[in-house]
Amino acid sequence: MIAEDAIYHAEAFAEDDLDEADIVEWYETRPVTVPSAVATGAIIGAFTLGVLTAVGALALMGRLDD
């Protein structure tokens with residue numbers, strides 16, 4: 001594109017045209033789906049980790065009392 005073409009294209013738009021908002025279409029994102037087996041495994045894993053942490057903390061506190 002040469003400079004004369006750029007000037008021609010710029011003059012084709014009026015000042016008001018440049019200030020108007022463009023139409024933008026937003027699409028809703030798809031919901032995240034998790035298989036039941038994965039969700040169940042995550043829940044069981046989190047519960048197990050919590051139990052192990054509680055048992056470890058109680059064991060550590062029991063040793064500190066001696």
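One numbering rule holds for all chains: residues counted from 1, following each sequence as written. Confidence filtering applies because this is a predicted model: local features only for residues at pLDDT of at least 70, side-chain atom pairs given and counted only at 80 or more, and all residues used for totals across whole chains, interfaces and linings. Note that the side-chain values use all heavy atoms of the structure and ignore hydrogens as well as water.

A short note on the overall build of the protein chain
To keep it simple, the criterion reads: Numbering goes from the N terminus for both helices and strands, where a helix is a DSSP run of H or I of at least four residues and a strand is a run of E of at least two. Only protein chains enter the accessibility calculation, which uses a 1.4 Å probe; a residue is then buried when its area is under 20% of its type maximum, exposed when over 50%, and partly exposed in between. Accessible surface area values rest on a Shrake-Rupley calculation with a 1.4 Å probe, where residue burial reflects the displayed protein chains alone.
Assigned secondary structure in the protein chain consists of three helices and zero strands. Starting at the N terminus, the α and β elements of the protein chain follow one another as α-α-α. By residue count, 0% of the 66 residues in the protein chain fall in the buried class. Carbon and sulfur atoms make up 64% of the accessible area of the protein chain, which totals about 6,800 Å².

Observations regarding a nonpolar patch on the surface
In plain terms, the rule: Nonpolar side chains (Val, Leu, Ile, Met, Phe, Trp, Tyr) within 5 Å and like charges within 9 Å form the patches, drawn only from residues with over 30% relative accessible area and no salt bridge. We define a salt bridge as a side-chain nitrogen of Lys or Arg found within 4 Å of a carboxyl oxygen belonging to Asp or Glu.
Together, Val32, Val34 and Val38 make up an exposed nonpolar region whose accessible area comes to about 310 Å². Structurally, valine 38 is set in helix α3 (residues 36-65).

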